[in-house]
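Secondary and tertiary structure notes
The primary structure of each chain is shown beneath.
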Amino acid sequence: MNVTTANPAAEAQNDDSPAAETNIFSGQQSDARRVNNDPRERKPKQNNQPRRDKRDVHGWVVLDKPIGMTSTHAVAVVKRLFSAKRAGHAGTLDPLASGGLPIAIGEATKTVPFVMDGRKRYRFTVTWGEERDTDDTEGRVTRTSDLRPSPEAIMALLPRFTGLIEQIPPQYSAIKVQGERAYDLARDGETVELKPRPVEIHQLTLVEQIDNSHSVLEAECGKGTYVRALARDIGRILGCFGHISALRRTLVGPFVENDMIPLEQLEALCDRAASGEGSLADALLPVETALDDIPALAVTRADAARLHRGQAVLLRGRDAPNCSGTVYVTVAGRLLALAEIGNGELIPKRVFNLTGLTASSARNNESI
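Predicted model, so just to flag it, every value in this text is computed and none were measured.

A few words now on helix H7 (residues 227–238). Between its first and last C-alpha atoms H7 spans 17 Å; for twelve residues at 1.5 Å apiece the expected length is 16 Å, and the two agree. By the criterion of burial, H7 is predominantly enclosed, with nine of the twelve residues buried. Looking at H7, one finds that the buried residues are Val227, Arg228, Ala229, Leu230, Ala231, Arg232, Asp233, Ile234 and Gly235. Gly239 sits one or two residues past H7 and shows a positive phi near 80 degrees.

Let us look at the environment of Pro170. Checked against the element boundaries, Pro170 lands in the loop between strand S7 (163–167) and strand S8 (176–177). With a relative accessible area of 0%, Pro170 lands in the buried category. Each C-alpha atom, one on Pro170 and one on Asp133, is 8.2 Å from the other, the two residues being 37 residues apart in sequence. When near neighbours in sequence (up to four residues on either side) are disregarded, Pro170 contacts Asp135, Leu194, Tyr226, Arg228, Ala229 and Arg232.

Right, let's talk about unusual backbone geometry for a bit. At Phe241, a residue that is not glycine, the phi angle is positive and equals roughly 60 degrees. With respect to the helices and strands, Phe241 occurs in the loop between H7 and strand S12 (242–252). Positive phi, normally seen in glycine, also occurs at Ala332, with a value near 55 degrees. By the secondary structure assignment, Ala332 is in the loop between strand S17 (325–331) and strand S18 (334–342).

Another aspect to go through is the side chain of Asp133. Along the polypeptide, Asp133 turns up in the loop between strand S5 (130–132) and strand S6 (141–144). Once you skip the residues sitting within four places of it in the chain, Asp133 turns out to touch Gly139, Arg140, Thr142 and Tyr172.

Bringing the pattern of salt bridges into the picture now. Following the criterion strictly, the structure yields 14 salt bridges and no others. Several salt bridges share partner residues, and in doing so they unite Asp64, Arg248 and Glu257 into one network.

Whether parallel or antiparallel, the strands of a sheet pair through hydrogen bonds between backbone atoms. Pairing is mixed in the open sheet, where five strands are placed in the order S15-S17-S18-S19-S16. Unpaired on one side and paired on the other, strand S15 (296–298) and strand S16 (313–314) mark the two borders of the sheet. Where S17 meets S18, seven bridges bridge the pair, whose relative direction is antiparallel. Bridge pairing links Val327 to Ala339 in S18. Where helix H9 (residues 301–308) meets the sheet, its contacts fall on S16, S17, S18 and strand S19 (345–351), and the angle it forms with S19 comes to roughly 55 degrees.

Rules used throughout
Residues numbered from 1 in each chain as written. Predicted model: local features only at pLDDT ≥ 70, side-chain atom pairs only at ≥ 80, totals over all residues. Heavy atoms only, no water. Helix = DSSP H or I, 4+ residues; strand = E, 2+ residues; numbered from the N terminus. Expected span 1.5 Å × (residues − 1). Buried < 20%, exposed > 50% of the residue type's maximum accessible area, 1.4 Å probe, protein only. Contact = heavy atoms within 4.5 Å. Salt bridge = Lys/Arg side-chain N within 4 Å of Asp/Glu carboxyl O. Pairing = 2+ DSSP bridges. Axes fitted to C-alpha atoms, helices over the stretch in contact; angles between N-to-C directions.

Now the structure itself:
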């Protein structure tokens, strides 16, 4: 494994940042360098590149994000490849980390919160003997130790970091402190005091002891967990200090490694589609993939018409569901809406309009 963690100055977070993850990125850049602001003096900007019309595309692309790319840039690239009108990601991944970055396109952006709330799995390498102010390789060394932990000592400690625990986020994190990002304050030399917050670690295992100074661990965790903080805290208790020197995300909600597509492969597929040798639909997962943990409810076309207009539908008769809460509604096998069941009614909350390019049936059943 040779993946390193993020440069905190660029995008220093391994947790879920709702403000970042629900943002829809346009992928466009403005020309801020105006020599003369008089509109009569402006010359039209020359652009020899043919402008591609935006189109309706709906589905998920689970990018195997390469090292060095920010999540924002990844969204812009995928949006450009599909000429899509809307796109956003569901879980920030540090620039120098690799792995699963789910990108929602079109109507899939309405399902982003369901992925954000799901579990995530990380495989990461901890380098022992140094603690750094960023808790990864990009930071300044703040503590050192000649001690090195044995595999037995590491494994004996891991249960203390499993389950519901209190975790102090890294100083270089995207958490806001009095309106400022913590990493901005830290870069300015200020001491950032962040309060502990509860996070849930479902599984934490020692995968491999590479050598005396490097251990590979795997964590499956809930929303808001900082993997860098895990390495920092484990190192402190062991007395040897530590920081993350490699990071890869292998699970995000319902999306696993088999769902991931490398950027080079996605670009090649888009080139083939442009020449008529394939379809971009083969790279998409259905919008409803993000809703795997939500019950599905099929309705008639008449009820679907009411829901599509934003009107509630009465649930009665022997086929009426006996559950309550959120469901996703289908008609003739096609996703129609997210709705709430309550007081004998089906109330639409988000209606989907899947006109345009959607996932192919082949992509529904197998990974690329």
